[in-house]
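A closer look at the structure
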Amino acid sequence: MRIRGTLALLALTGLGLTGCSTADQPADSPAAQDEGHTQITISAAASLQRSFDEIAKDFQEEHPQIKVKHISYDGSSTLATQIVEGAPVDVFASADERNMDTVSDAGLAKDPVIFATNTLVIAVPAGNPAHVQSLADLSRVTTVLCAPQVPCGGASQKLLDGAGVQVEPASMEQNVSAVLQKVSAGEADAGLVYRTDVVGDDSVDSIVPDGAQEVVNSYPISVLSTSQFQQQAEAAQQFVDYVLGAEGQEVLVEHGFGNAGAGAEG
């Protein structure tokens, strides 16, 4: 039986501060090795934080020779830009295919694979003080959304357009976690976030809007060619395989994600 727990991993916003291998370092350099461990660095969409913290802990317990040195969580567009600009990352997990395509088009992603899906909900502060019931209500209350270039922002606009609803957001955030934080703090009456973001969060309530199942974000994952040393590349592939395997998929489903290849409902 696997031991569950929350992994306290350092979530970096500036990947330039990490100590991962670069092309001019030997494979056995301190950046690539740590007391016999092969180290890998991961960039993952903000909506993956709770599930990937748990997956990384479980993965390291089963692969004690591999150390997940850092997981950087942020909006997928921000992470993609960092990777293309040279951030030393071994695995990229995006909340949409568009930002993975950006990395692939730069020749950096190796055969991305869809590993999960997600849909949107309306998040409101606990107790729903503004009495939000539907997407139409978002036009009359203080609403925060993700910025258009962020996967949750593109999905939000598609959902609102499908419902014929126009919203003037109070702010447009660079990742879905920032939207949820403003709602949970009572700084906004509502926000569109992923259904996975509200699982187990007592500070917010959620409403599944009409049309949500028609707007599905597919999450791809890939080993990156920036992982230039064989040991790191092999370790990175083992992590990807773990995410795609039964144990990784179990964790993702527990956190509300749709199962890879099984549609939005998993």
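Here, every reference points to the structure presented above.
Residues numbered from 1 in each chain as written. Predicted model: local features only at pLDDT ≥ 70, side-chain atom pairs only at ≥ 80, totals over all residues. Heavy atoms only, no water.

1. Points about the overall build of the chain
Looking only at helices and strands, the chain has seven helices and twelve strands in total. Within the chain, contacts between residues separated by at least 24 positions form 79% of all contacts whose residues are at least 6 apart in sequence. Summed over its atoms, the accessible surface of the chain is roughly 11200 Å², and 49% of this surface lies on carbon and sulfur atoms. (Helix = DSSP H or I, 4+ residues; strand = E, 2+ residues; numbered from the N terminus. Contact = heavy atoms within 4.5 Å. Areas by Shrake-Rupley, 256 points an atom, 1.4 Å probe, with all protein chains shown as cover.)

2. A word on the pattern of salt bridges
Under the criterion given, the structure shown has four salt bridges. Among the ionic pairs, Glu173 bridges to Lys182, the shortest N-O distance being 3.1 Å. (Salt bridge = Lys/Arg side-chain N within 4 Å of Asp/Glu carboxyl O.)

3. Regarding the side chain of Ser94
Looking at where Ser94 falls in the secondary structure, it is placed in the loop between strand 4 (91-93) and helix 3 (97-105). At 2.7 Å, the side chain of Ser94 and the backbone oxygen of Asp96 are in polar contact. When residues no more than four places from it in sequence are discounted, the contact partners of Ser94 are Ala45, Ser76, Asn99, Met100, Phe115, Tyr219 and Pro220. (Polar contact = N/O pair within 3.5 Å; in protein donor to acceptor, adjacent residues only side chain to side chain.)

4. Description of the nonpolar core
Counting 65 residues, the largest nonpolar core has Leu48, Phe52, Phe115 and Phe239 as the members making the most contacts within it. A per-element tally of this core places helix 6 (residues 230-244) first, with six residues. For this core, the domains that each give at least three residues are domain 1 (38-117 + 218-259) and domain 2 (118-214). Each residue touching Leu48, except ones within four places of it in the same chain, is listed here: Asp53, Tyr73, Ala93, Phe115, Tyr219, Leu252 and Phe257. Among the nonpolar cores identified, the runner-up in size contains eleven residues, and Ala87, Val103, Ala109 and Leu224 belong to it. (Core = buried A, V, L, I, M, F, W, Y, C linked by side-chain atoms within 4.5 Å. Buried < 20%, exposed > 50% of the residue type's maximum accessible area, 1.4 Å probe, protein only. Domains from an automatic or database assignment.)

5. Observations regarding helix 1 (residues 49-62)
The end-to-end C-alpha distance of helix 1, which contains 14 residues, comes to 20 Å, matching closely the 20 Å that a straight helix rising 1.5 Å per residue would cover. Along helix 1, the residues that are buried comprise Ser51, Phe52, Asp53, Glu54, Ile55, Ala56, Asp58, Phe59 and Gln60. (Expected span 1.5 Å × (residues − 1).)

6. Considerations on the state of the cysteines
Inspection of the entire model under this criterion finds one disulfide. Each sulfur in the disulfide pair Cys146 and Cys152 lies 1.7 Å from the other. Classification of the bridge connecting Cys146 and Cys152 rests on its S-S torsion, roughly -100°, and on that basis the disulfide is left-handed. One exposure class covers both Cys146 and Cys152, and it is buried. (Disulfide = S-S within 2.5 Å.)

7. Remarks on the pairing of strand 7 (residues 143-146)
With burial as the criterion, each face of strand 7 is covered, one bearing Thr143 and Leu145 and the other bearing Val144 and Cys146. One ladder, built from two bridges, connects strand 7 with strand 9 (residues 190-194); its direction is parallel. Residue pairing for strand 9: Thr143 is matched across the bridge by Ala190. As paired strands, strand 7 and strand 8 (residues 171-173) are joined by three bridges and run parallel to one another. Considered in strand 8, the bridge of Leu145 is made with Met172. (Pairing = 2+ DSSP bridges.)

8. A look at the packing of helix 1 against helix 6
At a minimum axis distance of 11 Å, the contact between helix 1 and helix 6 shows a crossing angle of 120°. Taken together, the axes of helix 1 and helix 6 lie oblique to each other. Judged by the twist between their axes, the crossing of helix 1 over helix 6 is right-handed. Packed against helix 1, whose contacting residues are Phe52, Ile55, Ala56, Asp58, Phe59 and Glu62, the element helix 6 presents Ala235, Gln238, Phe239, Tyr242 and Val243 at the interface. Residue classes in the contact of helix 1 with helix 6 are distributed as eight nonpolar, one polar and two charged. (Axes fitted to C-alpha atoms, helices over the stretch in contact; angles between N-to-C directions. Parallel < 35°, antiparallel > 145°, perpendicular 65-115°, else oblique. Left-handed = near helix turned anticlockwise from the far one by under 90°. Nonpolar A, V, L, I, M, F, W, Y, C, P; charged D, E, K, R; others polar.)

9. Regarding the side chain of Ser51
Here Ser51 lies in helix 1. A polar atom in the side chain of Ser51 sits 3.0 Å from the backbone oxygen of Leu48. The residues touching Ser51, leaving out its near neighbours within four places in the chain, are Val251, Leu252, His255 and Phe257.

10. Let's talk about the environment of Val103
Here Val103 is to be found in helix 3. Discounting chain neighbours no more than four positions away, the residues touching Val103 are Ala80, Ile83, Val84, Phe92, Leu108, Ala109 and Leu224.

11. Focus: the environment of Ala212
By secondary structure assignment, the location of Ala212 is in the loop between strand 10 (204-207) and strand 11 (217-224). The class of Ala212 is buried, set by a relative accessible area of 2%. Distance in space between the C-alpha atoms of Ala212 and Ile122 is 9.8 Å, their sequence separation being 90 residues. With sequence-adjacent residues up to four places away left out, Ala212 is seen in contact with Thr119, Leu120 and Leu159.

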